[in-house]
Amino acid sequence: MVTAPTSAAPMENTAAPSTLTIKVPGAPAADPGVASTLIEISDLDFYYGAKQALFDVNLRLDEKRVTAFIGPSGCGKSTLLRCLNRMNDLIDGTAIRRGAIKVRGIDIYGADVDPIELRKRVGMVFQKSNPFPKSIYENITYGLRIQGVRSKTRLDEVVERSLRGAALWDEVKDRLHESGLGLSGGQQQRLCIARTIAVEPEIILMDEPCSALDPIATAKVEELIHALKKQFTIIIVTHSMQQAARCSDKTAFFYMGKLIEYADTSTIFMNPANPQTEAYVSGRFG
Amino acid sequence: MNPVQHPFTARKNRSRALEKLTFWLFRLATYLVLACGFFVFGNIFIKGAGTVFKKSFPFVNTVFLTEAPESLYVFTYQGTKMELGDRDYRAFRAAEEARAKAAGQPVPQFNAESYVYSAGGIFPCIVGTVLLVVGSMAIALVLGVCAAIYLNEYARDGRFIRFVRLSILNLAGVPSIVFGLFGFGLFVLFAPRLGVAPDPEKWHFRLWPLHQYVNFVGWGVSLISGWFTLAFMVLPVIITASEEALKSVPRGFREGSLALGATKWQTIRKNVLPYALPGILTSSILGIARVAGETAPIMFTAAFVVRDKLPWEGLDHWTDFFFQGVMALPYHIYVVSSKIPQNEYTARVQYGTAFVFLFLVAVIALASILLRNRLRKRYQW
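Keep in mind it's a predicted model, so treat the numbers as computed, not measured.

Caption draft 1: Examining the overall build of chain A more closely. Helix and strand counts for chain A come out as 10 helices and 10 strands. Evaluated residue by residue, chain A yields a buried proportion of 54% over its 286 residues. Sequence-distant contacts, at least 24 apart, represent 69% of the contacts inside chain A between residues at least 6 apart. Looking at chain A as shown, the accessible area adds up to about 12500 Å², and 52% of this sits on carbon and sulfur atoms.

Caption draft 2: Examining the overall build of chain B more closely. The helix and strand inventory of chain B stands at 13 helices and five strands. Its C-alpha atoms give chain B a radius of gyration of 29 Å, more than 25% over the compact-globule value 21 Å for 381 residues. Once the C-alpha set of chain B is aligned to its principal axes, its extents read approximately 100 × 95 × 40 Å. Residues counted as buried form 42% of the 381 residues belonging to chain B. When contacts within chain B are restricted to residue pairs at least 6 apart in sequence, those whose partners lie at least 24 apart make up 74%.

Caption draft 3: A look at helix α7 (residues 215-228) of chain A. Residue and element names in this part refer to chain A. Taking 1.5 Å of rise per residue, the 14 residues of α7 would be expected to cover 20 Å, and the 20 Å separating its terminal C-alpha atoms lies within 8% of that figure. Looking at the buried positions of α7, the neighbouring elements they touch are β3 (66-70), α4 (152-165), α6 (185-198), β7 (203-207), β8 (233-237) and α8 (241-247). Two or three places before I216, at the start of α7, stands the capping residue D214, its side-chain oxygen 3.0 Å from that residue's backbone nitrogen.

Caption draft 4: Examining the state of the cysteines more closely. Taken as a whole and assessed by the stated rule, the structure comprises zero disulfides over all chains. In this model C210 of chain A remains outside any disulfide bridge; the closest cysteine sulfur is found in C247 of chain A, 7.5 Å from its own.

Caption draft 5: Summary view of the environment of I239 of chain B. Residue and element names in this part refer to chain B. Along the polypeptide, I239 turns up in helix α7 (residues 223-247). For the pair I239 and L34, spaced 205 residues apart in sequence, the C-alpha separation works out to 30 Å. Leaving out residues up to four positions away in the same chain, I239 has contacts with G144, A147, A148, L151 and I168.

Caption draft 6: Spatial organisation of the pattern of salt bridges. For the coordinates displayed, the defined rule picks out 27 salt bridges over all chains. With its nearest N and O atoms 3.8 Å apart, the salt bridge here joins D170 of chain A to K173 of chain A. Overall, D170 of chain A belongs to the exposed group, its relative accessible area being 59%. In this structure, E97 of chain B engages R93 of chain B in a salt bridge whose closest nitrogen and oxygen atoms are separated by 3.4 Å. Of the two residues, E97 of chain B and R93 of chain B both sit in helix α3 (residues 86-103), four residues apart, roughly one turn of that helix. Where salt bridges share partners, they join D45, D56 and R98 of chain A into one cluster.

Caption draft 7: The environment of S338 of chain B, seen in detail. Here S338 of chain B is to be found in helix α12 (residues 329-338). In terms of polar contacts, S338 of chain B uses its side chain to reach the backbone carbonyl oxygen of Y334 of chain B, at 2.7 Å.

Caption draft 8: Quick look at the sheet that holds strand β1 (residues 69-77) of chain B. Residues and elements named next belong to chain B. With antiparallel pairing, the three strands of this open sheet are ordered in space as β2-β1-β3. Looking along the sheet, the strands with just one partner apiece sit at the ends: β2 (80-85) and β3 (113-120). Shown here is a sheet whose adjacent strand axes are inclined to one another by a mean of 30°, direction ignored. With six bridges connecting them, β1 and β2 associate as antiparallel partners.

Caption draft 9: Main features of the confidence of the model for chain A. On average, residues of chain A carry a pLDDT of 85, and 88% of them reach 70 or more. Counting contacts from residues 1-30 of chain A, a segment whose pLDDT is below 50, to residues more than four positions away or on other chains yields 39 contacts.

Caption draft 10: Highlighting the nonpolar core. Within the largest apolar cluster, 50 residues are counted, with the highest numbers of intra-cluster contacts made by L132 and I298 of chain B. Counting residues per element, this core draws most heavily on helix α4 (residues 123-154) of chain B, at nine residues. Apart from the residues lying within four places of it in its own chain, the contact partners of I298 of chain B are L132, L230, A303, A328, P330 and Y331 of chain B. Within the second largest apolar cluster, 46 residues are counted, among which are A68, I204, A217 and I234 of chain A.

Caption draft 11: Here's a closer look at the interface of chain B and chain A. The interface of chain B with chain A comprises 23 residues on the first partner and 26 residues on the second. For the pair chain B and chain A, the summed buried surface comes to about 2000 Å²; carbon and sulfur atoms form 60% of the total. Between chain B and chain A we count two salt bridges in total. Measuring nitrogen to oxygen at the nearest pair gives 2.9 Å for the salt bridge that ties E255 of chain B to R82 of chain A. If you look at where chain B meets chain A, you find six residue pairs in polar contact (both at pLDDT 80 or more). For the side of chain B that touches chain A, the secondary structure elements donating two or more residues are α8 (251-259) and α9 (264-271) of chain B.

Caption draft 12: Focus on the packing of aromatic side chains. Tallying each qualifying case throughout the model produces 30 aromatic pairs over all chains. Aromatic side chains F53 of chain B and F355 of chain B sit 5.8 Å apart centroid to centroid with 80° between the ring planes, which places their arrangement in the edge-to-face category. Note that F53 of chain B is positioned in the loop between α1 (14-52) and α2 (62-66) and F355 of chain B in helix α13 (residues 346-378), a separation of 302 residues in sequence. Geometrically, the ring pair formed by Y77 of chain B and F110 of chain B is stacked, given 5.2 Å between the ring centres and 10° between the ring planes. Residue Y77 of chain B is located in strand β1, and its partner F110 of chain B is located in the loop between α3 and β3; the two are separated by 33 residues in the primary sequence. Residue classification places Y77 of chain B among the buried residues on the basis of a relative accessible area of 6%. Through a chain of ring-to-ring contacts, three or more aromatic side chains come together here, namely Y73, F75, Y77, Y89, F92 and F110 of chain B. The ring of Y47 of chain A has R97 of chain A sitting right over it, with the charged end atom 4.2 Å from the ring centre.

Caption draft 13: Molecular detail of unusual backbone geometry. At E208 of chain A, a residue that is not glycine, the phi angle is positive and equals roughly 45°. If you trace the backbone, E208 of chain A turns up in the loop between β7 and α7.

Caption draft 14: Representation of the confidence of the model for chain B within the structure. For chain B, per-residue confidence averages 87 on the pLDDT scale, and residues scoring 70 or more make up 96% of the total. As scored by the predictor, the complex reaches a pTM of 0.80 and an ipTM of 0.82.

Caption draft 15: How the structure looks around helix α1 (residues 77-84) of chain A. α1 of chain A sits mainly inside the fold: seven of its eight residues count as buried. Just beyond α1 of chain A, the residue with positive phi is R86 of chain A, at close to 60°.

Caption draft 16: Structural detail: a nonpolar patch on the surface. Together, L18, L21, F23, L25 and F26 of chain B give the surface a local cluster of nonpolar side chains, amounting to about 560 Å² of exposed area. Structurally, L18 of chain B is set in helix α1.

Caption draft 17: Summary view of the side chain of T353 of chain B. Residue and element names in this part refer to chain B. Within the element layout of this structure, T353 appears in helix α13. Judged by its relative accessible area of 0%, T353 falls in the buried class. Residues contacting T353, with those up to four places away along its chain left out, are F64, I122, L329, H332 and I333.

Calculation rules
- Residue indices begin from 1 for each chain and proceed along its sequence in written order.
- Written order determines the labels here, with chains lettered from A and ligands numbered from 1.
- For a predicted model such as this one, the threshold for reporting local features is a pLDDT of at least 70, and the threshold for listing and counting side-chain atom pairs is 80 or more; totals across whole chains, interfaces and linings nevertheless cover every residue.
- Derived side-chain values reflect all non-hydrogen atoms in the structure, with water molecules and hydrogen atoms excluded from consideration.
- Under the scheme used here, helices are H or I runs from DSSP no shorter than 4 residues and strands are E runs no shorter than 2 residues, and both carry numbers assigned from the N terminus.
- Buried means the residue's accessible area, taken with a 1.4 Å probe over protein chains only, is under 20% of the maximum for its type, while exposed means over 50%, and partly exposed covers the values in between.
- Note on contacts: a residue pair is in contact if any heavy atoms of the two residues lie within 4.5 Å.
- Working definition of accessibility: Shrake-Rupley area with a 1.4 Å probe, residue cover restricted to the visible protein chains.
- Put simply, the radius of gyration uses C-alpha atoms, and a globule should come to 2.2 Å times the residue count raised to 0.38.
- Multiplying 1.5 Å by the helix residue count minus one yields the expected span of that helix.
- Any pair of N or O atoms that falls within 3.5 Å is considered a polar contact. Within protein, one atom must be able to donate a hydrogen and the other to accept it, and sequence-neighbouring residues count only if both atoms are side-chain atoms.
- Defined by distance alone, a disulfide is two cysteine sulfur atoms within 2.5 Å.
- A carboxyl oxygen of Asp or Glu within 4 Å of a side-chain nitrogen of Lys or Arg is what we treat as a salt bridge.
- For two strands to pair, DSSP has to find at least two bridges joining them.
- The angle between two axes is taken between their N-to-C directions and runs from 0 to 180 degrees, where each axis is a line fitted to C-alpha atoms and a helix contributes only its stretch in contact.
- The predictor reports its confidence for every residue as pLDDT, a score running from 0 up to 100.
- In these notes, a set of buried Ala, Val, Leu, Ile, Met, Phe, Trp, Tyr and Cys residues joined through side-chain atoms within 4.5 Å is what counts as a nonpolar core.
- A quick way to say it: buried area is the sum, across both parts, of accessible area lost when two parts are put together, with a 1.4 Å probe.
- Only the six-membered ring of Trp is used, alongside the rings of Phe and Tyr, when aromatic pairs are assigned; centres must lie within 6.5 Å, and planes under 30 degrees apart are stacked while those over 60 apart are edge-to-face, with the rest tilted.
- In our convention, an over-ring charge means Lys NZ or Arg CZ found within 6 Å of a ring centre and within 35 degrees of that ring's normal.
- Residues form patches when they are more than 30% accessible in relative terms and have no salt bridge. Like charges link within 9 Å. Nonpolar side chains (Val, Leu, Ile, Met, Phe, Trp, Tyr) link within 5 Å.

Here you go:
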């Protein structure tokens, strides 16, 4: 079922850093050319009430790459992800006490930033697939209708493009007006991805998108991630180290709210600098 | 010597006996409730059916369902005992007197005994109760759902919100007669009206400088006073239940919507409220039964003992519709069973009214249940 990523160039790419020549099975190498930084997290301290959840995180995330956040439960990786589209704003008592998150140089916690506009640019796919109890069509068009798009032709076009983009079109094209809840778990998650790309964000945040899926559905989502990174910057939180190894370009390892190590995925898995990282990726804890 | 027992053999001891006894007690309690219910409904149904239905075509007592209450006249005329309603009696009497006069006979004597409210029907009461239920539920749902949305979706938990919740709980415990008096004081006597001059003889609160337009002269005993009084009475039920319904909508729907760039209000309107509606309707069904059934809140605020005109008849201006009192089924039952002399003719009105009342509440509740089920089918998760 799993087809290898079809981008032809990467494997022969000699310009890539030497660490990338170590072959992690199935792992994609970085695309040629230097990736530019899209998100810059500096000195970030994050609190849930009095409890500090993130300690002095510094991270630069590349544009049109897949970055994976790994680490044991409660290490702060999901918290950091939810900082990136200000979903944490919805939880009482959360606060960034120090540091900043910049997307294209703009501080997203700045006074003049509207979180609503931010979330249109930074989409999110959740751990538990959450299609709305509406038809597939209405699920996909939800974001656009919210923005006031009424044109039927435009909506139809976006539905097809998004579903094709999420590799779901062939499976559901005959039942667009049936409930999205009638789909299987993996299809539901891809529907959520389609819904997210329908509003054309720049960044897609994925919070353990495959944790409730079986291996076949997982493989399809991972395939999709490969395809999507041509267009989108993807940040994925995952509990599965194999998944991080398979589908990310760079990996950040978190432990107890601190960023322990951040490097190319192959480095993290084959040649980590930090003994804690090595202990985690080799399965000695977590 | 005891025969050898295997370890799972059934045994008899005290705890088993106690268990049996306890379950029987519980079972009896349930049966007793059931018996009470059957007795109440059966009694009203059997005795009320005699008033509401009849043996000949069209099998339903249309007079009882479509006419206003009248006095019953019972008299013996030329050897036959007759029972006629007010209008029939007058017509009969006039016709007989005219006939006697034409035939040159002496004017006939009737010596009728009259029994108040024992003839005619209860149509104005049905209309009044339906109007009261619909209006007050509309007000209560709008206010209650808004409040529930605020409490559940917007408000941050704090001392003030805890105080609000406590107040709502307390409101739920207030006896209905207190609501009646509250409504009488606030709506009947005090509420502001547009374009009504204050009575110079009485003291009125005046909203200077608007006193030429708005005056606190009260709404009088009227539909609108009854609506607000009843609405306030069911508000706690509606708010609490609506909050529960909103809470039961999974968080994922809210997050998913917000992550697509929807505002909080867009999320609530398009992706929370529709799914909560079935639950809100369930609670409003309970509210309907309560609103329709309470006598105390309307006896000072909306109910008339008798009113021949139907609410839509003889209005000078359409707004007068809201400022008129109505008859209502529960208040009518109260009047015919405690405010007028009891006799063999009042019982049929009492039972008939109670029967129609139960039936009406059942119909309104059934309609809400059907609506809820339809919504549920549409928004399932």
